[in-house]
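# Chain and residue survey
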Amino acid sequence: MSDVLALADVSVVRGNKRLLDGVDWEVEEGERWVVLGPNGAGKTTLLQIAAARIHPSGGVAGVLSEVLGAVDVFELRPRIGLASATIAERIPNGERVGDVVVTAAYGMVGRWRESYDELDHGRAKELLDALGAGHLVDRRFGTLSEGERKRVQIARALMTDPELMLLDEPAAGLDLGGREDLVSRLGEIALDIEAPALVLVTHHVEEIPAGFTDVLLLRDGKVVAAGPLESTLTAENLSATFGLELTLERVGDRWAARAVQPPRGRHAAG
Ligand SMILES: Nc1ncnc2c1ncn2[C@@H]1O[C@H](COP(=O)(O)OP(=O)(O)OP(=O)(O)O)[C@@H](O)[C@H]1O
Ligand SMILES: [Mg+2]
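Residues numbered from 1 in each chain as written. Chains lettered and ligands numbered in written order. Predicted model: local features only at pLDDT ≥ 70, side-chain atom pairs only at ≥ 80, totals over all residues. Heavy atoms only, no water.

## Notes on a negative patch on the surface
- A grouping of Asp9, Asp24, Glu26, Glu28 and Glu29 is seen on the molecular surface, where their side chains present a negatively charged patch.
- With respect to the helices, strands and loops of the structure, Asp24 is situated in strand β2 (residues 17-27). (Patch = residues over 30% accessible without salt bridge, like charges linked within 9 Å, V, L, I, M, F, W, Y side chains within 5 Å. Areas by Shrake-Rupley, 256 points an atom, 1.4 Å probe, with all protein chains shown as cover. Salt bridge = Lys/Arg side-chain N within 4 Å of Asp/Glu carboxyl O. Lys, Arg positive; Asp, Glu negative; His and termini not counted. Charge placed at Lys NZ, Arg CZ, Asp CG, Glu CD. Helix = DSSP H or I, 4+ residues; strand = E, 2+ residues; numbered from the N terminus.)

## Focus: the pattern of salt bridges
- Under the defined criterion, the tally for this structure stands at eleven salt bridges.
- Note that Glu163 is salt-bridged to Arg79, the shortest N-O span being 2.8 Å. Taken together, the residues Glu163 in the loop between α6 (146-158) and β7 (164-168) and Arg79 in the loop between α2 (73-76) and β6 (80-83) connect sequence positions 84 residues apart.
- The class for Glu163 is partly exposed, based on a relative accessible area of 38%.
- For the salt bridge of Asp99 with Arg96, the shortest nitrogen-to-oxygen distance reads 3.2 Å.
- Each member of the salt-bridge network shares a partner with another, and the members are Arg18, Asp21 and Lys222. (Buried < 20%, exposed > 50% of the residue type's maximum accessible area, 1.4 Å probe, protein only.)

## Concerning the site of ligand 1
- Of all residues adjacent to ligand 1, which total 13 residues, the nearest are Gly40, Lys43, Thr44, Thr45 and His203.
- With respect to ligand 1, the backbone of Gly42 contributes an N or O atom lying 2.9 Å from an oxygen atom.
- Here Thr44 contributes a side-chain N or O atom positioned 2.8 Å from an oxygen atom of ligand 1.
- Burial of ligand 1 by the protein amounts to 61% of the accessible area it has alone, namely 640 Å².
- The leading source of residues in the shell around ligand 1 is helix α1 (residues 43-50), at three residues.
- For the shell around ligand 1, the per-class residue count stands at three nonpolar, six polar and four charged. (Near = heavy atom within 4 Å. Polar contact = N/O pair within 3.5 Å; in protein donor to acceptor, adjacent residues only side chain to side chain. Nonpolar A, V, L, I, M, F, W, Y, C, P; charged D, E, K, R; others polar.)

Listed below in structure tokens is the structure:
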């Protein structure tokens, strides 16, 4: 297997619930994937498989040419960058931002008494700069805003020079300016041919950065459709994914969606 990800009939079962159900998915080098789906669709569960954090209950999951269950995950995990809210929670509030990023190279969270190479500190600063967070390098992580934390986390996940980079809702909690800035920086990373294969999870087509190539649409643990953005991200597929009639527009290299009719009674009273 030479794929970055090769999932065949993957299921994840917890109790009597199928979080993922018969998922087939292939990600190749150089591809930039968006995973879209409503709350509870199984997106984070899918990333946990891709990050070698959990094993499938059924099917075969290939990650960076290794098969989960037949590989030492402690050797595999450093080859994968993961930025998610759960990881952020494990970062000690008192840790200096520069160290939050640098310690990633050593595969740990919250080890701050070690001394690291000048080289590593230089690279950490470069990554923070690339994400528009260079000025935060000496701040304590706990003092950062939501948006600033997201940037630091992404820099941290890139620090190990991963072969696969996984981003779980990187723009969640950001204001409009913060979202637009982050989306454009992710677009720059996506267009960099040196960048790793990327998988970005979101609820919103507005958060798909330029340069992303493919989309996987997930609903109730099942793949609704997967493939190149141009042919797969259609109003029809998006409507099926969210269970709601949607219109979809492509404006330049960005997307926008809205309901054909207000989905009354679905999420709010009235
Ligand atoms: N350990 C577990 N036991 C039972 N159900 C679980 C477990 N972990 C997750 N789930 C359920 O599985 C479903 C999928 O969860 P997951 O976190 O993958 O969804 P998601 O698509 O990331 O949702 P969101 O958009 O809200 O982040 C949810 O309904 C969740 O409640
Ligand atoms: Mg999630």
